[in-house]
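Fold and geometry: a report
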Amino acid sequence: MTRTRPALPMIFAVWTLMAGAAGAQDAPAATDNITAVRDENGRYYTADDVPTFNIAKDGTVDWMTYSGFRRYHSECHVCHGPEGEGSSYAPALKKSAITMDYYAFVDVVTNGRKKVNAAENSVMPAFGQNVNVMCYLDDIYTYLKARGADALPRGRPAKKEPKSDAIRDAENDCLGRD
């Protein structure tokens, strides 16, 4: 009598491990959410066309990151603390711009979010109607991303690129200026 039954689970286990290893090799690499691969009129983007920061070796920041510093400290720091570090009232955001999908970030800021349960009670108000946030949302995002990547130290950036005409025009259009 041959012993085929006990060997079947072993063969199946080996086959499963081999298939899993092959699948792991085929898995896509994590996307780079930080590195700027292209510049479009003073706006920097990753390979996935997600806004990102650009900081020169001499510390000069791109206009959007500089603007994001200003807008964050105008609208967001009251709850989320200075420099995106968080507070006793609201969580730190500087790492969210690195770990959270860009489109999820936009959704939360635009529509707000409410988490109320036995363990937590947090409410992020919707800013979708606030032009001081929505017209500068990518700026805020790139600033927080630069902070989260530890590419930008605390404090007001000392040097910045000039504001491009394209950024100026987009800002005026968003704010309803002529």
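Looking at an unreviewed UniProt entry, the protein chain carries the name C-type cytochrome, methanol metabolism-related, with the source organism given as Rhizobium fredii.

With that out of the way, let us pick up helix 8 (residues 165-175). For helix 8, every residue scored as buried is listed here: I167, E171 and N172. One face of helix 8 carries all of its buried residues, which in axial projection span an arc of 135 degrees. In helix 8, the exposed residues that point more than 90 degrees away from the buried face are D165 and D173. In the core, the buried residues of helix 8 are packed alongside strand 2 (43-45) and helix 2 (63-75). Just downstream of helix 8 lies G176, where phi reads positive at about 80 degrees.

A few words now on the sheet that holds strand 3 (residues 51-52). As a general point, the strands of a sheet are linked pairwise by backbone hydrogen bonds and lie either parallel or antiparallel. Strand order across the open sheet formed by three strands is 1-2-3, with antiparallel pairing between neighbours. Unpaired on one side and paired on the other, strand 1 (38-40) and strand 3 mark the two borders of the sheet. Both strand 2 and strand 3 contribute to a ladder of two bridges, which runs antiparallel. Bridge assignment links Y45 to a residue of strand 3, and that residue is P51.

Turning to the pattern of salt bridges, a few remarks are in order. Taken as a whole and assessed by the stated rule, the structure comprises six salt bridges. The residue R71 makes a salt bridge to E171 at a minimum N-O spacing of 3.7 Å. With a gap of 100 residues between them, R71 in helix 2 and E171 in helix 8 connect regions that are remote in the sequence. Residue E171 is classed as buried on the basis of its relative accessible area of 10%.

With that settled, the discussion passes to helix 5 (residues 102-111). Regarding helix 5, the residues found buried are Y102, F105, V108 and V109. In a view along the axis of helix 5, the buried residues occupy a sector of 125 degrees, so they form one face of it. Taken together, the buried residues of helix 5 touch strand 3, strand 4 (113-116), strand 5 (121-124), helix 6 (131-134) and helix 7 (137-148). Residue D101 occupies the N-cap position of helix 5, its side-chain oxygen lying 3.0 Å from the main-chain nitrogen of Y103. With its phi angle positive at about 75 degrees, G112 sits one or two positions after the end of helix 5.

Analysis parameters
Residues numbered from 1 in each chain as written. Predicted model: local features only at pLDDT ≥ 70, side-chain atom pairs only at ≥ 80, totals over all residues. Heavy atoms only, no water. Buried < 20%, exposed > 50% of the residue type's maximum accessible area, 1.4 Å probe, protein only. Helix = DSSP H or I, 4+ residues; strand = E, 2+ residues; numbered from the N terminus. Arc of directions from axis to C-beta. Contact = heavy atoms within 4.5 Å. Pairing = 2+ DSSP bridges. Salt bridge = Lys/Arg side-chain N within 4 Å of Asp/Glu carboxyl O. Polar contact = N/O pair within 3.5 Å; in protein donor to acceptor, adjacent residues only side chain to side chain.

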